[in-house]
Every structure is written in structure tokens, then in C-alpha cells.
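Close look at the chain arrangement
Below are the chains, spelled out letter by letter.
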Amino acid sequence: MDKILVLDFGGQYNQLIARRVREQHVYAEIRSCQTPVEEIRKAGYSGIIFTGGPNSVYDPASPRCGREVLELGIPVLGICYGCQLMAVLEGGEVVSAGAVSEYGKAELTHTGSPLFEDVPAVSAVWMSHTDYVKTVPTGFSVTGVTPSCPAAAIADEERRLYGVQFHPEVMHTAYGKTMLRNFLFRISGCAGDWTMEDFVRASVEKYQKELAGKRVLCALSGGVDSSVAAVLLHRAVGERLTCVFVDHGLLRKDEGDLVERTFREKFEMNIVRVNAGERFLAKLAGVTEPEKKRKIIGEEFIRVFEEEAKKIGYVHVLVQGTIYPDVVESGVGEAATIKSHHNVGGLPSVIDFDEIVEPLRLLFKDEVRAAGLELGIPYELVWRQPFPGPGLAIRVLGEVTEEKLAVLRECDAIFREEVLAAGLERTTKQYFAVLTDSRTVGVMGDARTYGCTVALRAVDTDDFMTADWSRLPYDVLAKASNRITNEVRTVSRVVYDITSKPPATVEWE
Ligand code: XMP
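None of these values were measured; they are calculated from a predicted model. (Residues numbered from 1 in each chain as written. Predicted model: local features only at pLDDT ≥ 70, side-chain atom pairs only at ≥ 80, totals over all residues. Heavy atoms only, no water.)

**Let's talk about the sheet that holds strand β15 (residues 317-319)**
The strand order β14-β13-β12-β15-β16 describes an open sheet built from five strands, whose pairing is parallel. If you trace the sheet from one side to the other, it starts and ends with β14 (270-275) and β16 (355-357), each paired once. Put simply, the sheet's adjacent strands are angled 25 degrees from each other on average, direction ignored. As paired strands, strand β12 (residues 216-220) and strand β13 (residues 241-247) are joined by five bridges and run parallel to one another. Within β13, the position partnered with Leu217 by the bridge is Thr242. (Pairing = 2+ DSSP bridges. Helix = DSSP H or I, 4+ residues; strand = E, 2+ residues; numbered from the N terminus. Axes fitted to C-alpha atoms, helices over the stretch in contact; angles between N-to-C directions.)

Pasting the structure below:
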């Protein structure tokens, strides 16, 4: 399998670069720029990409790799800071662009290079830099310019070292994909044969061998990651896997049953479902403060799981659904850090086991979904929208009661049905109902009502760090509102949340 190393210099797009490479069916991994050159040599990469970064190369504290990386005989593509670093390591000069710093679109004129095969002589690229390569190192030549950057692309073609001042990984670079493909296939000789099917097959074989005879435990939340991890491990170890599904009673309508049915009936997995709803509600009685609710739920979850794990007895392996962005966020290139999943956080400290297995460590979210489909997990589970660990408890404002949960479940189910019916479930990233603690006056028939207010929330986002409210069609909102007030009698008013994040958050609590 060909592998590309994305050497991280702190750029904001490092994950995006790896993503773009994997989209071409070439496996890419992000590692710290501090990775020893010997490790890089041994890993057998077909190509290396130096990412961008916020620093100036002439700042002594800027992140660097050794010049030896450029001498491994492996093709290198340096992007932005990566290009500047390459130039400096090779004896070139980088200076501040001062007033001619470039941000945004620029016009690249190239003079031909394997990197620019099939790229028109003039095309749009995305620039974001304050420094530039003033003196090109010996052996390098300028292969592209923009009106304000005299060395927008440089190359030492003999050594297969390429540098670009712009960002080929972002959409705004019109031929960025072609350039990356050129680097991967023409320059680095990758085959582009990394597929999800291969990933699944290779993982199953690996765990069959590594976990032979071992007992494995997995905490299922019903979320995408833990579901895919569980099914993959089940393929490898069969009935030696036990899944524990703690139903805290704060799931959406029919959700617990869907999870149980899928895993028990479709996959014939050993699944222990713990219906702990009453226990959680008892703990939540009288609690109105959001953070307190969260904490209670998190702690109770661990307690319930611990009790179940004790009944199962000793296990050798604990499965976690950690995915690649979690690994990267917890420090690139560093030793495995166990992610504190909202649902399984703290589990390692309460159960007795020898090792943790994280079968999805290498995958991005959409790759996890593709693996899920490959494993035969139903579409509705694979494309499940994110759902917070504390569940509906943070969507019932104020004190949580079974009655309020029942109202919210119905409203939420109606809203979800309508979004689904309109085919919008993949464009809007998260959509749900919130039961507010306001009562308002309404009129039904000839009578005055005084019922609850339900808010609908739908957001568009890439990373959930920021989000915009979804411009759902009025018809969809109208239908949902109509159905909610007709079908859920205690609701007298429906409002739509039109706040972005920031200043609001996605969830109301
Ligand atoms: P916020 O409300 O912080 O939500 O803008 C961003 C994303 O995170 C989810 N979320 C949570 N997920 N435990 C979780 O597992 C939590 O306590 C929690 N709070 C928010 C939220 O649903 C959204 O996708």
C-alpha cells in the first residue's frame, strides 16, 4: 500500500491535505515535523507533503524538520510555509512580503512542470502568506509566478522537490486537485488503490490474528463510531465480543430499539442492553443547571457500565471508537492518547482489561461512514446525525421529567421525519427539537390554551466549532410546525432558532 506522509508544521489545513490525498485512494497520515528522519525512512513513504504553518521560517522558534528529510530520495511537496522551509533548508532566502502579502485569490502563471501537467498556463490559486521565497536555492527554478509573488512555485525536478506558495488543497485553487494528483501519481508513483473494502478486509484479518482467543468488550452508544468499531471487531472475533449498550432513557424516539435490533438481529451480536432510564431520571430529579445535568449523566453512565462489566467478568480487550481527528487533535505523532469519549470517557479506569483497541484510529468521519456501509450497517445508522452524550436531557430545558421527554420525543420525531421527507438530511448537519421552559397562550377551537413552546434547530456546519442556522425551506418548517401543534396537544407554539454559532451554541444547554 502506498503511503503519503503529511508532515505537520502547524497549518490549519493539515487534515484537509490528508483528506484530499485519501480522496485519491492513496493512504495519507499526518505526523509531527519532529518525527525522526530514521522513522520516516523506515516507514517507506511514496511521497511527503510539508504543510503550511503560521510561523515565519526566519523565526528561530519556528517548527522545522531536518534537511535530511529532503535527502531521502522521496518526492516532497512543500505548501506555503512548507515551501518556504524547503527553500531555506536548501540555502535559499525567505523574507517578509510586507505590503505585498497576499490573501485570497491570485492568478498563477506557470512555466510547465510535472506538477502542473494538465493545468492551464494561467489559473486561479488561493494565497495566504506574509513571507515569500526571495532567493531560490541552487538547483531549484521558478515554475510559477503570481502578480505579487515572484516565486509562487519552485522546483528541483531532478530531486523531485516541489514547493508552492499557494494552497492546492483548498477549493478556491481551481486546479488544486490536478496538482495533487500529479504529485501523487506522476511524481510519487502511487497506484491509488486504497479502498474502504481493503481497509475493512485488512483490519478484520489483523484483529483475527492479534485477538485470537481473547475476550473483547465494547461500549455501544448507538453513535456511528462505536457502531462501526463494534461491527468490525465482531467480524474478526465473533461471539468473543460483548457489546454493552447503556440506554439512559434520554435517547430519541425508538432509537434504543433500533440500535438493539440492528446489532442483535441483523448482526447476531452479543449485546447487553441496560435499561437504566429510571435510574438516570431519579438522579436528575430537581436538577435544572445544564452543566450539572451533564456531569450527573456522565458519572451515572460510568457507574452503570461498571456494574455490567463486573457481571461479564474479565475481558482482555476494550474497544474504543476513536477516529482520526481525535487522534490528531490529541497531538500528532505522539503516542496513543485515549480519547475521553463522551459516552465511554472514564471507562478504562473502572474496568479491568489488558489492552485498548481502536480500529478506526486512521479514519476520518466520512471514511468511518463508508466503512460502516461496507460492513452492512444500515444507512439510517451510518448517516445518523451527531447526538450529544447527555441526550435529550440537554434539550429539555430545566428539570428533566419523563412527561417532558415524551413530548420532546414526539416533536423531534416529527421534525426529523419532515427533514427526511424533504431530502435535506445530509445537507443540514444537525436538526432537532428543543422543549423550552416557556409556556405561551394559544387558541384551539374556541378555547384558550396555555401550552409549551417548542423550538426547532437546524444547522449547517463543517466542524461544529462554528455553525450557521440552516435556511430550511418555509414549506418544510410550516409542515413540521403544523404537524407538531396538531399531533402533540400540549404544544401551543413552535419557533425556529435563527442564531448562528457563535454567539449561540448548537445545543440550547
Ligand atoms: P455545541 O452545543 O457545543 O455543540 O455547539 C457542538 C456539537 O457537540 C455536540 N454536543 C455534545 N456532544 N456531549 C457530546 O457528546 C455533550 O455534552 C455535548 N454537547 C454538545 C452537539 O450536539 C453538537 O453536535
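**Looking at unusual backbone geometry**
Residue Pro502 follows Lys501 across a cis peptide bond; omega there is -15 degrees. On the secondary structure map, Pro502 appears in the segment after β20 (491-496). A cis amide bond links Pro502 to the next residue, Pro503, at an omega of 10 degrees. Unusually for a residue other than glycine, Arg160 sits at a positive phi of about 55 degrees. Among the secondary structure elements, Arg160 is positioned in the loop between β10 (149-156) and β11 (161-164). On the accessibility criterion, Arg160 (32% relative accessible area) is partly exposed. The backbone of Glu268 sits at a positive phi, close to 50 degrees, despite the residue not being glycine. Turning to its location among the elements, Glu268 is positioned in the loop between α7 (255-266) and β14. (Buried < 20%, exposed > 50% of the residue type's maximum accessible area, 1.4 Å probe, protein only.)

**Looking at the nonpolar core**
One broad trend across soluble globular proteins is that nonpolar side chains are buried collectively. Judged by nonpolar contacts, the single largest core of 92 residues is most densely connected at Leu217, Leu233, Leu241, Phe263, Phe305, Phe415 and Leu456. In terms of residues, this core owes the most to one element, helix α6 (residues 224-237), which gives nine residues. Here this core spans two domains, since at least three of its residues come from each of domain 2 (196-382) and domain 3 (395-496). When near neighbours in sequence (up to four residues on either side) are disregarded, Phe263 contacts Leu220, Ser227, Val231, Glu268, Met269, Ile271 and Leu381. Formed by 36 residues, the second largest nonpolar core is a distinct cluster that contains Ala28, Cys80, Ala106 and Cys149. (Core = buried A, V, L, I, M, F, W, Y, C linked by side-chain atoms within 4.5 Å. Domains from an automatic or database assignment. Contact = heavy atoms within 4.5 Å.)

**Digging into the sheet that holds β11**
As summarised here, the arrangement of the nine strands in space is β2-β1-β3-β4-β11-β10-β9-β6-β7, forming an open sheet in which the pairing is mixed. In this open sheet, the two edge strands, each paired with only one partner strand, are β2 (27-32) and β7 (122-129). Sheet twist, expressed as the mean angle between neighbouring strand axes with direction ignored, is 30 degrees. Taken together, the four bridges between β10 and β11 define a ladder with antiparallel strand orientation. Directly across from Ala153, in β11, lies its bridge partner Val164. Sheet strands in contact with helix α3 (residues 81-89) are β3 (47-50), β4 (76-79), β7, β10 and β11, and its direction is about 120 degrees off that of β4. Across the face of the sheet, helix α4 (residues 176-187) comes into contact with β1 (3-8), β3, β4, β6 (102-110), β7 and β11 while running at roughly 150 degrees to β3.

**Comments concerning the site of the ligand**
As a matter of local geometry, the ligand sits amid 12 residues, with Arg294, Gln430, Lys501, Val506 and Glu507 nearest to it. Protein chains shield 76% of the accessible area of the ligand, which is 490 Å² for the free molecule. Among the residues forming the shell around the ligand, the class breakdown is five nonpolar, four polar and three charged. (Near = heavy atom within 4 Å. Areas by Shrake-Rupley, 256 points an atom, 1.4 Å probe, with all protein chains shown as cover. Nonpolar A, V, L, I, M, F, W, Y, C, P; charged D, E, K, R; others polar.)

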